[in-house]
Amino acid sequence: MEFMEFFNYLARWGHIVFGIAWIGLLYYFNFIQGAFMASASNETKVEAFTLLVPKALWWFRWAAAFTFLTGLYLLYVVLKQGTLTEDTLVAGLLATFMAANVWFIIWPNQKIVIASNEAVKSGGEADPNQASAAAAALLASRTNTLFSLPMVFTMVSSAHYVHGGDVATSGAWASAWGLYVVSAIAILLELNAIFGKMNPAIESVKAVIGSSVVLTAIVWLVLMYV
């Protein structure tokens, strides 16, 4: 086995391992921690946000970073091999939005919440911006949960069940309408994560899971038939 072939295999292996850690923690925050915090006492919340949440967010954001970096390298590999598909690009776009949400929305806003709770724990006052920061982080986190199922779906289908055309083929970009439609949907949803507000389709755990399944079906149908 050639060195680069083995290196590429390690990159794929690492991408999967980092992705498991990232998405696992994403689901933990949305499905478990959120429900716990909603019913916890103020004292328990302060303890959680000063002792538990910072550690969990450290693993969360770095798992996201290394998932993104290994994915970027694998995108280079498929480009070099001439095997780039619409499925690959959709997975990459969604993962890029998700990683950006982690580092540029969720983490900065969670730092405000953590600092506010640290101030309360030491006898000070809560930051008046804590509520708005928490809301912004939650919206981005729910959006990432919404993106997660179609992202994994297209990541796997890019190698095992390709729906869209092979855009690496000469001239295929001109006919990749499914890719353009799906990208437009993803961009609109991401703009809502940045500038919009929470809506019933993703507000609850049950709703965001259902919406993610629906979005996956839409992505599949558009890539298959458009």
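Remember, it's a predicted structure, so these values are computed and weren't measured experimentally. (Residues numbered from 1 in each chain as written. Predicted model: local features only at pLDDT ≥ 70, side-chain atom pairs only at ≥ 80, totals over all residues. Heavy atoms only, no water.)

Caption draft 1: The overall build of the protein chain, seen in detail. Scanning the protein chain for helices and strands turns up seven helices and zero strands. Listing the helices and strands of the protein chain from first to last along the sequence gives α-α-α-α-α-α-α. Its C-alpha atoms give the protein chain a radius of gyration of 19 Å, near enough to 17 Å, the size a compact globule of 226 residues would have. With respect to the principal axes defined by its C-alpha atoms, the protein chain has extents near 65 × 40 × 25 Å. A total of 226 residues make up the protein chain; the buried ones form 41% of that total. Of the contacts made within the protein chain by residues no fewer than 6 positions apart, 84% connect residues no fewer than 24 positions apart. On the protein chain, roughly 12200 Å² of surface is accessible, and the fraction owed to carbon and sulfur atoms is 71%. (Helix = DSSP H or I, 4+ residues; strand = E, 2+ residues; numbered from the N terminus. Rg over C-alpha atoms; globule rule 2.2 N^0.38 Å. Buried < 20%, exposed > 50% of the residue type's maximum accessible area, 1.4 Å probe, protein only. Contact = heavy atoms within 4.5 Å. Areas by Shrake-Rupley, 256 points an atom, 1.4 Å probe, with all protein chains shown as cover.)

Caption draft 2: The arrangement of empty space enclosed by the protein in detail. For the coordinates displayed, the defined rule picks out one cavity of 30 Å³ or more. Reported here for the largest cavity is a volume of approximately 40 Å³. Every residue along the wall of the largest cavity is listed here: Leu94, Phe147, Pro150, Val182, Ile185, Ala186, Leu189, Leu215 and Val219. Contributions of two or more residues to the lining of the largest cavity are made by α4 (130–160), α5 (177–195) and α7 (205–225). Considering each element in turn, the lining of the largest cavity owes the most residues, four residues, to α5. Class assignment of the residues belonging to the lining of the largest cavity gives a composition of nine nonpolar, no polar and no charged. (1 Å grid on protein atoms, 1.4 Å probe; cavity = no way out; pocket = protein on both sides within 12 Å on 5 of 7 lines; lining within 4 Å. Points joined across faces, edges and corners; volume = space filled by probe spheres on them. Nonpolar A, V, L, I, M, F, W, Y, C, P; charged D, E, K, R; others polar.)

Caption draft 3: The arrangement of the side chain of Asn30 in detail. By secondary structure assignment, the location of Asn30 is in helix α1 (residues 3–39). A distance of 3.1 Å separates the side chain of Asn30 from the side chain of Thr145, its partner in a polar contact. Once residues within four sequence positions are removed from consideration, Asn30 is found in contact with Ser141, Arg142, Thr145 and Val205. (Polar contact = N/O pair within 3.5 Å; in protein donor to acceptor, adjacent residues only side chain to side chain.)

Caption draft 4: Inspection of a nonpolar patch on the surface at higher detail. A cluster of nonpolar residues, Phe18, Trp58, Trp59, Trp62, Phe66, Leu69 and Leu72, forms a patch on the protein surface that exposes about 730 Å² of accessible area. Per-element accounting of the nonpolar patch gives the leading share, six residues, to helix α2 (residues 42–81). Tracing the sequence through the fold places Leu72 in helix α2. Take Leu72: its relative accessible area is 45%, and that puts it in the partly exposed class. (Patch = residues over 30% accessible without salt bridge, like charges linked within 9 Å, V, L, I, M, F, W, Y side chains within 5 Å. Salt bridge = Lys/Arg side-chain N within 4 Å of Asp/Glu carboxyl O.)

Caption draft 5: Just the pattern of salt bridges, in detail. Per the stated rule, a full pass over the model turns up one salt bridge. A salt bridge links Glu47 to Lys121, with the shortest nitrogen-to-oxygen separation between them at 3.6 Å. One end of the pair, Glu47, is in helix α2; the other, Lys121, is in helix α3 (residues 86–121), with 74 residues separating them in the sequence.

Caption draft 6: Representation of the nonpolar core within the structure. With 42 residues, the main nonpolar core has Trp22, Leu57, Phe60, Val90 and Met98 as its most contacted residues. Going through the elements one at a time, α1, α2, α3, α4, α5 and α7 are the ones with two or more residues in this core. Examining the composition of this core, we find that twelve residues originate from one element, α3, more than from any other. The contact partners of Val90, leaving out residues within four places of it in the chain, are Thr154, Leu179, Val182, Val219 and Leu223. (Core = buried A, V, L, I, M, F, W, Y, C linked by side-chain atoms within 4.5 Å.)

Caption draft 7: Inspection of the side chain of Thr85 at higher detail. Counting through the fold element by element, Thr85 comes out in the loop between α2 and α3. Since its relative accessible area comes to 6%, Thr85 is described here as buried. Here the side chain of Thr85 touches Thr88 through a polar contact of 3.0 Å, side chain to side chain.

Caption draft 8: Here's a closer look at the packing of α1 against α4. It is at 10 Å that the axes of α1 and α4 come closest, and there the two elements cross at 145°. Crossing angle aside, the handedness with which α1 passes α4 is left-handed. On α4, the residues that touch His15, Ile23, Leu26, Tyr27, Asn30 and Phe31 of α1 are Ser141, Arg142, Asn144, Thr145, Ser148, Leu149, Met151 and Met155. (Axes fitted to C-alpha atoms, helices over the stretch in contact; angles between N-to-C directions. Left-handed = near helix turned anticlockwise from the far one by under 90°.)

Caption draft 9: Looking closely at α4. Taking 1.5 Å of rise per residue, the 31 residues of α4 would be expected to cover 45 Å, and the 44 Å separating its terminal C-alpha atoms lies within 8% of that figure. Along α4, the helix axis deviates most sharply at Ser148, where the bend reaches about 35°; the proline Pro150 sits within four residues downstream. (Expected span 1.5 Å × (residues − 1). Bend = angle between axes of the 7 residues up to and from the residue.)

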